[in-house]
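What follows is each chain in one-letter form.
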Amino acid sequence: MSVREPADQLRYFQKRQQEIVETIRQLVELESPSDVKQSVDRVGTVLASRFGELGGKIKFHPAEKFGKHLQIDFRSRNKMKSVFLLGHMDTVYPIGTISKMPCRVSKGRIYGPGVLDMKAGIALALHVLEAMLVWNSGKLTRPVTLLLVSDEEVGSASSRLITEKLARDAAAVLVLEPAYGLHGAVKTARKGVGEYALQITGVAAHSGLDFEKGQSAVIELAHQILEISKLVDPKSGVTLNVGKISGGTRVNVVPASATATIDVRVASAKDGAEVDRKLRALKPFNPHCSVSISGKMNRPPLERTDAVAGLYLKARDVAQQLGWDLAEAAVGGGSDGNFTAALGIPTLDGLGAVGEGAHAEHESVVISELPRRAALLAGLIQVV
């Protein structure tokens, strides 16, 4: 079957829109929270079967605490570098959520836990590769590698090295995370993410009998939180959020211990290094207390480099051939695309579905946008 022109490819996916929706439904109803290994592995097994039927070479990467990471390789007659499609199977929703948030279609949308982030992105990859094999008599025009990890929502600690290794051998990385906003922008910048723990140690004492002998870790922590807040610079995209604090044992005891966890977001690697340096340089206000900081920046920022911008221009050109103007956006959240972009590999994020409500009860995907997203992904695979 010859489907060469972008408009023909779009019509192809429009005719198969319901098939894509049905695949999304099947994946959403297979719950897969990051911390339930057997559930993520079940999704991986189902996807391995579906991609294996298309002729993909299946490889599972074991992970001690999380589900296996699924790698699928499609060979080609062409010896060009592969296109690397990147996504994740895990979601943020605990087992049983599907009974409270059933997968349903209503008013042109499909709803359900993980439908946008990112079961729909996986379904798009499946149907796009299937279509490209049909269009090219069972062989792709260039090699494609797809990696679906099981721990993206909890930091990608067990999958990062795999992602980076595969990216180094790729011509470009196309990330199947959701598009930004209902206008479907792709993401050309993402903030880097860090998490730190601040530990304060003071001196305990009876708050009535020996108050003066005590050195309050909680008061010291309060001073440190105010100091940390001075590092926030919204104009540069630097934010620090003290998201959780704890301290003390009883109301009548001067607290000897207090802790805080800090979420850090930065727009550039330079800012990340500077924030890290300043956090580690914190000194106690009370000389009788000690301050200890642990943690690190665990996702580098996805910066809008020339390589990223060049890939976006190719995507915008494909979209124009399909009849719309593809916007770009910079967002605060991180993804596994942060890792690949930091290596200097051309990376474009947000090539998944259009919708809203990620991680929320109203999480949904706009069904009518699915064919356009599929045609965009197919077109981009062919030109990068």
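Parameters and conventions
- Along each chain, numbering runs from 1 in the same order as the chain's sequence is written.
- Per-residue local features are limited, in this predicted model, to residues with pLDDT of at least 70; the limit for side-chain atom pairs, both in listing and counting, is 80 or more; totals at the level of whole chains, interfaces and linings are taken over all residues.
- Hydrogens and waters are ignored; side-chain quantities use all the structure's heavy atoms.
- Every case where a carboxyl oxygen of Asp or Glu lies within 4 Å of a side-chain nitrogen of Lys or Arg is listed as a salt bridge.
- Counting from the N terminus, the helices are DSSP H or I runs at least four residues long and the strands are E runs at least two residues long.
- Any residue under 20% of the maximum accessible area for its type is buried, any over 50% is exposed, and the rest in between are partly exposed; the area is computed with a 1.4 Å probe on protein chains only.
- Residues qualify for a patch when their relative accessible area is over 30% and they have no salt bridge, like charges being joined within 9 Å and the nonpolar side chains of Val, Leu, Ile, Met, Phe, Trp and Tyr within 5 Å.
- All accessibility values rest on the Shrake-Rupley procedure with a 1.4 Å probe; residue burial counts only the protein chains present in the view.
- Asp and Glu are treated as the negative residues and Lys and Arg as the positive ones, with His and the ends of the chain left uncounted.
- Note that the charge is assigned to NZ on lysines, CZ on arginines, CG on aspartates and CD on glutamates.
- Think of a 1 Å grid over the protein atoms and nothing else: a 1.4 Å probe that fits but is trapped marks a cavity, an open set flanked by protein within 12 Å on at least five of seven lines marks a pocket, and residues with an atom within 4 Å of a point count as lining.
- Grid points are joined across faces, edges and corners, and a volume is the space filled by probe spheres set on the points.
- Between N or O atoms, a polar contact is any pair within 3.5 Å; within protein, one atom must be a potential hydrogen donor and the other a potential acceptor, and residues adjacent in sequence are included only when both atoms are from side chains.
- Whether two residues touch is decided by their heavy atoms; if any such pair falls within 4.5 Å, the residues are in contact.
- A pair of aromatic rings is counted whenever rings of Phe, Tyr or Trp (Trp by its six-membered ring) have centres within 6.5 Å, and the orientation is called stacked for planes under 30 degrees apart, edge-to-face for over 60 and tilted otherwise.
- When DSSP finds two or more bridges between a pair of strands, those strands are recorded as paired.
- Geometry is summarised by axes, namely lines fitted to C-alpha atoms with helices restricted to the contacting stretch, and by angles between N-to-C directions that run from 0 to 180 degrees.

> Report on the pattern of salt bridges, specifying residues and quantitative values.
The tally for this structure, following the rule as stated, stands at 16 salt bridges. A salt bridge links E152 to R299; the nearest nitrogen and oxygen atoms lie 4.0 Å apart. In this pair, E152 is assigned in the loop between β6 (144-149) and α6 (160-168) and R299 in strand β14 (residues 290-299), connecting sequence segments 147 residues apart. Per residue, the accessibility class of E152 equals that of R299, and both read buried. With a closest N to O distance of 3.7 Å, K278 and E274 form a salt bridge. In this pair, K278 and E274 both sit in helix α8 (residues 269-280), four residues apart, roughly one turn of the helix. If you follow the salt bridges from partner to partner, you end up with E152, R299 and D336 in one network.

> Go over a positive patch on the surface with me, naming the residues and quoting the values.
Together, K57, K59, R75, R77, K79, K139 and K165 line one region of the surface with positive charge. Of note, K57 is situated in strand β1 (residues 57-61).

> Residues and numbers for the layout of surface pockets, please.
Quantified by volume, the largest pocket comes out at close to 840 Å³. Along its surface, the largest pocket is lined by 37 residues, and E152, R265, R299, G333 and G334 are the ones closest to its centre. Looking at the lining of the largest pocket, the elements with two or more residues in it are α5 (115-135), β8 (186-190), β9 (192-201), β11 (239-247), β13 (257-266), β14 and β17 (355-356). When residues of the lining of the largest pocket are assigned to their parent elements, the largest contribution, four residues, is made by β13.

> Explain the side chain of S156 to me, and be specific about the residues and the numbers.
Structurally, the position occupied by S156 is in the loop between β6 and α6. Polar contacts involving the side chain of S156 include one to the side chain of D336, which spans 2.5 Å.

> Which residues make up the environment of S294, and what are the values?
Tracing the backbone through its elements, the reader meets S294 in strand β14. Through-space distance from the C-alpha of S294 to that of D271 is 18 Å; in sequence the pair is 23 residues apart. Those residues in contact with S294, other than ones at most four positions away along the chain, are E195, Y196 and A197.

> An account of the packing of aromatic side chains is needed here, citing residue identities and associated values.
One pass over the structure, following the stated rule, counts three aromatic pairs. Note on Y12 and F13: the rings are 5.6 Å apart at their centroids and 85° apart in plane angle, and the pair reads as edge-to-face. For the residue pair Y12 and F13, the accessibility class agrees, reading buried in each case. Note on Y12 and W135: the rings are 5.3 Å apart at their centroids and 80° apart in plane angle, and the pair reads as edge-to-face. Of this pair, Y12 sits in helix α1 (residues 6-15) while W135 sits in helix α5, placing them 123 residues apart in sequence.

> Requested: an account of the sheet that holds β1, with residues and values cited.
Across the sheet, six strands lie side by side as β1-β2-β6-β3-β7-β16; this open sheet has mixed pairing. A single partner strand is all that each edge strand has here, and the edge strands are β1 and β16 (347-348). Sheet analysis places strand β3 (residues 82-88) next to β6, joined by six bridges and oriented parallel. Looking at β6, one finds that H88 is bridged to V149. Contacting β2 (69-74), β3 and β6, α5 runs over the sheet at an angle of about 150° to β3.

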